[in-house]
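Chain and residue survey
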Amino acid sequence: QVQLVESGGGLVQAGGSLRLSCVASRSMFSMGWYRQAPGKQRELVASITNGGFTNYKDSVKGRFIITRDNAKNTVYLQMNSLKPEDTAVYYCNARPSILATEVWGQGTQVTVSS
């Protein structure tokens, strides 16, 4: 089975930075990050294709940067200028091929204090 393993979450003060990593067990067509705060729906944060095309949630543009290392089957989310509203469980998401179903990681907690 395809697996995704996230790391890099933690507690940080507002204005600080974190870098999330997600390692896939095989190459992926697209990879990205979603987040879900308590009582809220899961939402897309950023995604990137194997060709390097990116998509960002409007509220994180200019603060977060998504990158990937195809040789390592890994996607990263560099999170800068963090705000309390960024607090959520962040889930890695990937699609093995353009027609395949999505795969989800276990999630990693990001907490931003005021």
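Structure's up top.
Next up on the list: the side chain of R68. Along the chain, R68 falls in strand β7 (residues 64-69). Buried and unpaired, R68 has no salt bridge, with D69 as the nearest side chain of opposite charge at 8.1 Å. A distance of 3.3 Å separates a polar side-chain atom of R68 from the backbone oxygen of I48. Within the structure, R68 has its side chain in polar contact with the side chain of N70 (distance 2.6 Å). For R68, the residues in contact, after removing those within four places along its chain, are M28, F29, S30, M31, I48, T49, N50, T74 and V75.

A separate point is the sheet that holds strand β3 (residues 18-24). As summarised here, the arrangement of the four strands in space is β1-β3-β8-β7, forming an open sheet in which the pairing is antiparallel. Each of the sheet's edge strands pairs with one partner strand only, and the pair in question is β1 (4-7) and β7. The average angle at which neighbouring strand axes cross in this sheet is 15 degrees, direction not considered. Pairing of β1 with β3 involves four bridges; the strand directions are antiparallel.

What follows covers the packing of aromatic side chains. Using the criterion set out here, one finds one aromatic pair in the structure. Between Y34 and W104 the ring centres are 5.0 Å apart and the planes differ by 65 degrees, which places this aromatic pair in the edge-to-face class. Taken as a pair, Y34 in strand β4 (residues 30-36) and W104 in strand β10 (residues 103-104) lie far apart in primary sequence, 70 residues in all. Directly above the aromatic system of Y91 lies the positively charged group of R42, at a separation of 3.8 Å from the ring centroid. When the ring centre of W104 is taken as origin, the NZ or CZ atom of R42, which lies over that ring, is 4.8 Å away.

Calculation notes
- Residues numbered from 1 in each chain as written.
- Predicted model: local features only at pLDDT ≥ 70, side-chain atom pairs only at ≥ 80, totals over all residues.
- Heavy atoms only, no water.
- Helix = DSSP H or I, 4+ residues; strand = E, 2+ residues; numbered from the N terminus.
- Buried < 20%, exposed > 50% of the residue type's maximum accessible area, 1.4 Å probe, protein only.
- Lys, Arg positive; Asp, Glu negative; His and termini not counted.
- Salt bridge = Lys/Arg side-chain N within 4 Å of Asp/Glu carboxyl O.
- Polar contact = N/O pair within 3.5 Å; in protein donor to acceptor, adjacent residues only side chain to side chain.
- Contact = heavy atoms within 4.5 Å.
- Pairing = 2+ DSSP bridges.
- Axes fitted to C-alpha atoms, helices over the stretch in contact; angles between N-to-C directions.
- Phe/Tyr/Trp six-rings, centres within 6.5 Å; stacked < 30°, edge-to-face > 60°.
- Lys NZ or Arg CZ within 6 Å of the ring centre and 35° of its normal.

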